[in-house]
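# Working through the structure, step by step
Residue strings, one per chain:
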Amino acid sequence: MGGVALTEIAARFGTPLIVVDESHLEDRLARFRAAFGVDAGLTYAGKAFLCGALVRLLAREGWLVDVVSGGELELVRRAGFPMRDVILHGNAKSAAELKRAIEYGVGRIVIDHPDEVDDLRKAATVAGSDHRPDLLLRLNADLTPETHEKVRTVGPGTHFGMAPPVAASVARRIAGAGEWRLVGAHIHAGSQIRDPALFSRIAEEAVGFVAPLRLCFPETVDLDLGGGLAAPYRAGEDVPTLREYAKALEVGLRRSDAEARLGSYRLIVEPGRSVIANAGLTLYTIHARKRLDGAAEALAVDGGLSDNPRPSLYGASYEVLNASRPRGEAGRTFRVVGRHCESGDVIAPAAMLPGDSAVGDVLAIPGTGAYVFAMSSRYNGVGRPAVVFVRDGVARKVVRRETDDDLLACDLALGGPEPARGARPEPVSAAATRPSRAR
Ligand code: LLP
């Protein structure tokens, strides 16, 4: 990967390890730009995977970033990312997060519910700042995306955004008061969406909402149509290409007559998974090989549920490769299990691997760039893995492994100090070497 042998990386940095191919990632960002054009607001959804090195790469490529918490906001700020290119999301933002977003000069905030405008007003007063982020309204559109119910964010049973009539009254209220600039509408329908027709419908819903309220928005209105494009997890899995994705949104815009009804508008998309999932993989070391009931055999590795909860949460299915025996015949089915104390900690229930797979071998799980490191926990006292970027034969560690001291640092009975209140370090360096193309 990136010109480096995976077994070498494993030996050098230890496992479990997340490895990200920087060239693959850059290529993906460039393909998004090619599919959507220079005017689109390409916004990376930080929740999929975030670290300082990635944020700097995004800044160089002229992307925006969406964050959903004070923690993510702090990370992008300390990485030196331009705050005007940050979009703050969240259905339960705290007063402190809103205040910090205003103090930092965040460019856009997506309003999730009607009371949030008052929360923002209060936060601005407390912050004592004149900065007023541009606002978008999150719509809970009447759509039912075909995807796992846990990652569906519109339609029956979901709790994000506002029904269009509610959002319309909020739009009139904001525009009438004139205190905040309402710049657009936002819909994120869900994640791992495979049907391009759904993206057309999202575009239609957004245009249908904005058109009758056109005067509430500035001359160029933002249509932020969220993320959600599926990534392939297994060999041969078919998902829409970026061009098909862009085309599907365009079809919806055309079908709803966006140009005639809205005049000037700007498309924003917020992909996470489809940017990073296939740029990353996880490396584990086999710690035990063991015969189970009947003919089944298990390979137990040094990670699992704590670094990747997705199989357990969503029944996610991954390929497994034995990096130590790349030419070995995949002749035997193994249950690849994690190290955690529950039967649900299964990384792959039936992986075809070389029959001589043995303790000490390095297993690679491709497609783990998105929602893996980001969702990792410290369950069972296992620290979170390190992250390594590879490119042109060079591997560099960008996030170090969590140590036992990190794990115990918040435990006051064990002598962990309370941090100084309100202390916030400055950005590490000005990383925004190139100004953003889209803002
Ligand atoms: N915008 C908003 C407002 C979102 O909530 C999300 C994802 C995205 C953009 C990016 O969506 P993407 O392009 O990555 O599908 N943990 C789950 C996925 C949760 C997605 C949450 N929201 C998983 O591992 O499958």
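Residues numbered from 1 in each chain as written. Predicted model: local features only at pLDDT ≥ 70, side-chain atom pairs only at ≥ 80, totals over all residues. Heavy atoms only, no water.

This part is about the overall build of the protein. Counting its secondary structure elements, the protein contains 13 helices and 17 strands. Taking 439 residues into account, the globule formula puts the C-alpha radius of gyration at 22 Å, and the protein, at 23 Å, falls close to it. In terms of overall dimensions, the protein has a C-alpha envelope of 70 × 55 × 40 Å along the principal axes. Buried residues in the protein amount to 54% of all 439 residues. (Helix = DSSP H or I, 4+ residues; strand = E, 2+ residues; numbered from the N terminus. Rg over C-alpha atoms; globule rule 2.2 N^0.38 Å. Buried < 20%, exposed > 50% of the residue type's maximum accessible area, 1.4 Å probe, protein only.)

With their axes 8 Å apart at the nearest point, helix H5 (residues 95–104) and helix H6 (residues 116–127) run at an angle of 60° to one another. Relative to H6, the element H5 lies oblique. Crossing geometry of H5 relative to H6 is assigned as right-handed. Across the interface between the two elements, Ala95, Leu98, Lys99, Ile102 and Glu103 from H5 touch Glu116, Asp119, Leu120, Ala123, Ala124, Val126 and Ala127 from H6. By residue class, the composition of the contact of H5 with H6 is 8 nonpolar, no polar and 4 charged. (Axes fitted to C-alpha atoms, helices over the stretch in contact; angles between N-to-C directions. Parallel < 35°, antiparallel > 145°, perpendicular 65-115°, else oblique. Left-handed = near helix turned anticlockwise from the far one by under 90°. Contact = heavy atoms within 4.5 Å. Nonpolar A, V, L, I, M, F, W, Y, C, P; charged D, E, K, R; others polar.)

A few words on the site of the ligand. In the vicinity of the ligand, 19 residues are found, and the nearest of them are Ser191, Glu270, Arg273, Arg310 and Tyr371. Separating an oxygen atom of the ligand from a side-chain N or O atom of Arg273 is a distance of 2.8 Å. Calculation on the ligand without its partners gives an accessible area of 580 Å², and the protein chains cover 90% of this total. Among the residues making up the shell around the ligand, the classes are represented as 6 nonpolar, 7 polar and 6 charged. (Near = heavy atom within 4 Å. Polar contact = N/O pair within 3.5 Å; in protein donor to acceptor, adjacent residues only side chain to side chain. Areas by Shrake-Rupley, 256 points an atom, 1.4 Å probe, with all protein chains shown as cover.)

As a further point, take the environment of Arg384. Along the polypeptide, Arg384 turns up in the loop between strand S15 (362–366) and strand S16 (386–391). Arg384 gets classed as partly exposed once you look at its relative accessible area, which sits at 27%. Through-space distance from the C-alpha of Arg384 to that of Leu407 is 9.2 Å; in sequence the pair is 23 residues apart. Sequence-distant contacts of Arg384, that is, excluding residues within four places in its chain, are made with Ser376, Ser377, Arg378, Arg401 and Glu402.

On to the pairing of strand S9 (residues 265–269). For S9, the tally of buried residues reaches 4 of 5 residues, placing the bulk of the element in the interior. Bridge analysis of strand S2 (residues 41–45) against S9 gives 2 bridges, and the strand direction is parallel. Looking across to S9, one finds that Leu42 is bridged to Val269. Where strand S8 (residues 221–224) meets S9, 4 bridges bridge the pair, whose relative direction is parallel. (Pairing = 2+ DSSP bridges.)

A separate point is the confidence of the model for the protein. Model confidence for the protein is summarised by a mean pLDDT of 95, while 97% of its residues fall at 70 or above. Every residue in residues 430–439 is under pLDDT 50, and counting partners more than four places away or in other chains gives 24 contacts. (pLDDT = per-residue confidence, 0-100.)

A word on the pairing of S2. Each regular strand carries side chains that alternate between the two faces of the sheet. Counting buried residues in S2 gives 5 out of 5 residues, a clear majority hidden from the surface. Two elements, S2 and strand S3 (residues 64–67), share 3 bridges in a ladder whose sense is parallel. Each residue of the ladder has a partner; that of Thr43, found in S3, is Leu64. At this point the chain moves from S2, through helix H3 (residues 52–60), to the parallel S3, and the crossover so formed is right-handed. (Right-handed = clockwise from strand over helix to strand, strands pointing away.)

A separate point is the environment of Asn278. For Asn278, the location among the structural elements is in the loop between helix H11 (273–276) and strand S10 (280–291). For Asn278, a relative accessible area of 33% gives the class partly exposed. For Asn278 and Thr368, which are 90 residues apart along the polypeptide, the C-alpha to C-alpha distance reads 6.8 Å. Once you skip the residues sitting within four places of it in the chain, Asn278 turns out to touch His24, Ala231, Pro232 and Gly367.

Right, let's get into the sheet that holds strand S4 (residues 86–88). Spatial strand order, S2-S3-S4-S5-S6-S7-S8-S9: 8 strands in a closed barrel with parallel pairing. Adjacent strand axes in the sheet meet at a mean angle of 25° when their direction is disregarded. The sheet contact formed by strand S6 (residues 134–138) and strand S7 (residues 182–186) spans 4 bridges and is parallel. Note on S7: the bridge partner recorded for Arg138 is His186. With respect to the sheet, helix H8 (residues 196–210) is in contact with S6, S7 and S8, its orientation differing from that of S8 by roughly 150°.

In this section: the nonpolar core. Phe36, Tyr44, Phe49, Val76, Leu137 and Phe209 are the most contacted members of the largest nonpolar core, which totals 113 residues. Looking at which element gives the most residues to this core, the answer is H8, with 8 residues. Apart from the residues lying within four places of it in its own chain, the contact partners of Phe36 are Leu42, Leu242, Tyr245, Ala246, Leu249, Leu267 and Val269. Core analysis: the next-biggest nonpolar cluster, separate from the first, contains 16 residues, Val4, Phe13, Val19 and Ala323 among them. (Core = buried A, V, L, I, M, F, W, Y, C linked by side-chain atoms within 4.5 Å.)

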